[in-house]
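Here is what each chain is made of, one letter per residue.
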Amino acid sequence: MSVRSVPRRRVPGGFFLDTKTSGFTLVALLLVLWEVSVRTALVDSISVPAVSTVAERFIELLRDGTLVDEFAQTLRRMFVGYLLAAIIGIGVGLLMGYFDRIHNLLEPVVELIRPLPTPAYIPLVILFLGVGDSMKIFITVIACVWPILLNTYSGVRNVPRIQIDTARTFGLGNAAVLRKVVVPAAAPSVFTGLRISLTLALILSIIAEMVASNNGIGYFILFAQRSFRVTDMYAGIIALGIIGYLLNLLFVRIEGRVLHWNAGSGRKGA
Amino acid sequence: MMNWIRERRAGYGLHAVGVDEAPTLRVEQVTKQYAGHTAKAPVQVLAPVDLTLEPGSFTTILGPSGCGKSTLLQIMAGLVAPTDGTISLDGRAVQGPQPELLYLFQQYSLSLFPWRTVLQNVAFGVESRGRRSAETLDECRSLIERVGLKGYEGHYPWQLSGGMQQRVAIARALVARPKILLMDEPFSAVDALTREELQDELLGIWQEYDLTIVFVTHDFEEAIYLSQEIVVLKAHPGAIVEKRAVPIAYPRNQLHTRASEAYLALRHDLHELIFSLKKKPGAGVPVGAP
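Residues numbered from 1 in each chain as written. Chains lettered and ligands numbered in written order. Predicted model: local features only at pLDDT ≥ 70, side-chain atom pairs only at ≥ 80, totals over all residues. Heavy atoms only, no water.

## Details of the environment of Pro64(B)
Residues and elements named next belong to chain B.
Thought 1: Looking at the secondary structure, you find Pro 64 in the loop between β3 (58-62) and α3 (69-77).
Thought 2: Placed 155 residues apart in sequence, Pro 64 and Asp 219 show a C-alpha to C-alpha distance of 8.8 Å.
Thought 3: Beyond its immediate sequence surroundings of up to four residues, Pro 64 is in contact with Lys 69, Leu 233 and Lys 278. (Helix = DSSP H or I, 4+ residues; strand = E, 2+ residues; numbered from the N terminus. Contact = heavy atoms within 4.5 Å.)

Structure representation (structure tokens):
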């Protein structure tokens, strides 16, 4: 954030420090450091191949379709789980926020189940669902549903009373108030939950694949390590990083489009 | 005062038709108690209140803060249920919000929907009545123009000043074609100049749309300037202590009206009355206390 109302005297390096040029340069420097330390045998090249070697292998794996296939598996399961979690989380969150009786009924269950770290369920879920897709999707759903549910709930609870009363003075019934006022007013909070869960969805998909799978990028990374294909492992990790970054970018774009009205009002002070 | 109303309506020929006429709003023996926070006994906010609002009248409920005037208005709007007593429209007892009535909130900036533009906010007034169409959108546009916001249709509420937000809230209310407008200190948060502008616009709208207006304020000058009748409430518990007709003809003028003898005399009386009410000791009196 460079807030400058008064033009500053140009100093050498001003452009470099005032933009992200410095940050990208740091990344480049770290990569060079990596490359050099491997080449000069400062670090063991068996556990750390040179960055150029990794990049080469990455492109190979991209060309022959390996990465695409593995990611197709991972992302397919991840999105099914994420979508189910969104439907359940938003639905139940809205109902709990809007109807006190549903809140009273479900809140204790939610608070009892939620604190358990999701990976702890994996052995149990394998007992019931086996090691196939349904297990991984189920694990993703369990992890993702809580942030969405709780943020939706608190979003609904924080809808200004006056907006609901305004709608009532115009003669709106319960269902119409929910649709026309509560849902749009709670949307920013719902999106906060969706963003947290998007990260969780990727994490849990990878963990589930590492525990029990024969495809997917998590399986690919673990299997590469176990069969001493260290360069493949690094290529997989880097690909995962890129995918995570792109997913977040896509999410921010969608959020910005849906909540365009919120750009000025909600984050005025931010 | 009643003569004046009759004359005005006779002039429009409305009393003969009676179709578009506002219903008579009657408040009968309305009380309100809230469960006390510290005291075990409930707190009486409103002692039995009786009030009749004739079609086309402009009445102000005046009182110090905490006298229950907002509660009374919310009871009339159907937003708060009275502990006892009835609200009726033309003799028909009603509960809950009624289509003939619209309540305007004091915190207008919160009552506008931030995800809707000015036009969409105003359109809410027709959507809710299930009449959104191309014609009603034109109606919304002309009302936006009527309240002086032409060119701001696509703006979001946070892009507007407080006075402009209040105008949007008024346009949204008018488009729903209410007969009775209940306004809770609508101009208390805007600057003095904007307040005078809004007061005059409100009087214009009142006459143009033939509305019944019930206006709540703690500002007795505003009460005199706007209304035909002033109902003074005291606090603990809220009860009507006086009803005063305002013997000043319309149209009123910010300079001349406020300098007129009738205005000054009434201002003097109300000033004394309000301050005498404030001096009286008054903690919340629990029900049943001696």
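Right, picking up where we left off after that structure.
## Some thoughts on the interface of chain B and chain A
Thought 1: Every contact between the two is made by 25 residues of chain B and, on the other side, 19 residues of chain A.
Thought 2: Taken together, the two surfaces of chain B and chain A that pack against each other cover about 2,000 Å², and 70% of this comes from carbon and sulfur.
Thought 3: The largest contributions to the chain B side of the interface with chain A come from Trp115(B), Phe124(B) and Trp158(B), which together make up 32% of the buried area.
Thought 4: Linking chain B with chain A are 1 salt bridge.
Thought 5: Ionic pairing is found between Glu127(B) and Lys180(A), a salt bridge with its closest N-O pair at 2.5 Å.
Thought 6: Across the contact surface, chain B and chain A share 3 residue pairs in polar contact (both at pLDDT 80 or more).
Thought 7: Elements represented by at least two residues in the side of chain B that touches chain A include exactly β6 (101-104), α4 (108-111), α5 (118-127) and α7 (162-175) of chain B.
Thought 8: When its residues are assigned to classes, the side of chain B that touches chain A shows 16 nonpolar, 5 polar and 4 charged. (Buried area = accessible area lost by both parts, 1.4 Å probe. Salt bridge = Lys/Arg side-chain N within 4 Å of Asp/Glu carboxyl O. Polar contact = N/O pair within 3.5 Å; in protein donor to acceptor, adjacent residues only side chain to side chain. Nonpolar A, V, L, I, M, F, W, Y, C, P; charged D, E, K, R; others polar.)

## With respect to the packing of aromatic side chains
Thought 1: In this structure the tally under the stated criterion is 13 aromatic pairs over all chains.
Thought 2: Here Tyr103(B) and Phe105(B) contribute two aromatic rings whose centre-to-centre distance is 4.7 Å and whose plane-to-plane angle is 80°, an arrangement assigned as edge-to-face. Comparing Tyr103(B) with Phe105(B), the two get one shared label, buried.
Thought 3: Taken together, the aromatic side chains of Phe170(A), Trp261(A), Phe113(B), Trp115(B) and Phe124(B) make up a single cluster linked through ring pairs.
Thought 4: When the ring centre of Tyr225(B) is taken as reference, the NZ or CZ atom of Arg258(B) above it lies at 4.6 Å. (Phe/Tyr/Trp six-rings, centres within 6.5 Å; stacked < 30°, edge-to-face > 60°. Buried < 20%, exposed > 50% of the residue type's maximum accessible area, 1.4 Å probe, protein only. Lys NZ or Arg CZ within 6 Å of the ring centre and 35° of its normal.)

## A few points about the UniProt feature "domain: ABC transmembrane type-1" (unreviewed entry) in chain A
Thought 1: Under the feature "domain: ABC transmembrane type-1" (unreviewed entry), the UniProt entry names residues 71-255 of chain A.
Thought 2: Helix makes up 85% of residues 71-255 of chain A and strand 0%, and the two end C-alpha atoms of the span are 24 Å apart. (UniProt positions renumbered as here; feature names shortened; annotations may be inferred.)

## Quick word on the domain arrangement of chain B
Residues and elements named next belong to chain B.
Thought 1: For chain B, the domain assignment lists domain 1 (37-100 + 180-278) and domain 2 (108-177).
Thought 2: Between domain 1 and domain 2, the C-alpha centre-to-centre distance is 25 Å.
Thought 3: Every contact between the two is made by 16 residues of domain 1 and, on the other side, 12 residues of domain 2.
Thought 4: Buried surface at the junction of domain 1 and domain 2, both sides included, amounts to about 1,100 Å², of which 60% is carbon and sulfur.
Thought 5: Seen at the junction of domain 1 and domain 2, the total is 3 salt bridges.
Thought 6: With its nearest N and O atoms 2.9 Å apart, the salt bridge here joins Arg 167 to Glu 197.
Thought 7: Applying the counting criterion to the domain 1 and domain 2 interface returns 4 residue pairs in polar contact (both at pLDDT 80 or more).
Thought 8: Elements with a contribution of two residues or more to the side of domain 1 that touches domain 2: β7 (180-184) and α8 (192-209). (Domains from an automatic or database assignment.)

## Quick look at the packing of α7(B) against α8(B)
Residue and element names in this part refer to chain B.
Thought 1: Between α7 and α8, the least distance of the axes is 11 Å, while the angle of their chain directions is 10°. Considered as vectors, α7 and α8 are oriented roughly parallel to each other. Two secondary-structure elements touch here, α7 through Gly 163, Gln 166, Arg 167, Ile 170 and Leu 174 and α8 through Thr 194, Glu 197, Leu 198, Glu 201, Ile 205 and Tyr 209.
Thought 2: A breakdown of the residues in the contact of α7 with α8 according to their chemical character gives 5 nonpolar, 3 polar and 3 charged. (Axes fitted to C-alpha atoms, helices over the stretch in contact; angles between N-to-C directions. Parallel < 35°, antiparallel > 145°, perpendicular 65-115°, else oblique.)

## Considerations on the sheet that holds β3(B)
Residue and element names in this part refer to chain B.
Thought 1: Across the sheet, which stays open at both edges, the 6 strands sit in the order β6-β7-β8-β3-β9-β10 with mixed pairing between neighbours. Each of the sheet's edge strands pairs with one partner strand only, and the pair in question is β6 and β10 (239-245). Each neighbouring strand pair of the sheet contributes to a mean axis angle of 15°, computed without reference to strand direction.
Thought 2: Here β3 runs beside strand β8 (residues 212-217); their pairing, made up of 5 bridges, is parallel. The partner of Ile 61 across the bridge, within β8, is Val 216.
Thought 3: Running at roughly 170° to β6, α7 makes contact with β6 and β7 of the sheet. (Pairing = 2+ DSSP bridges.)

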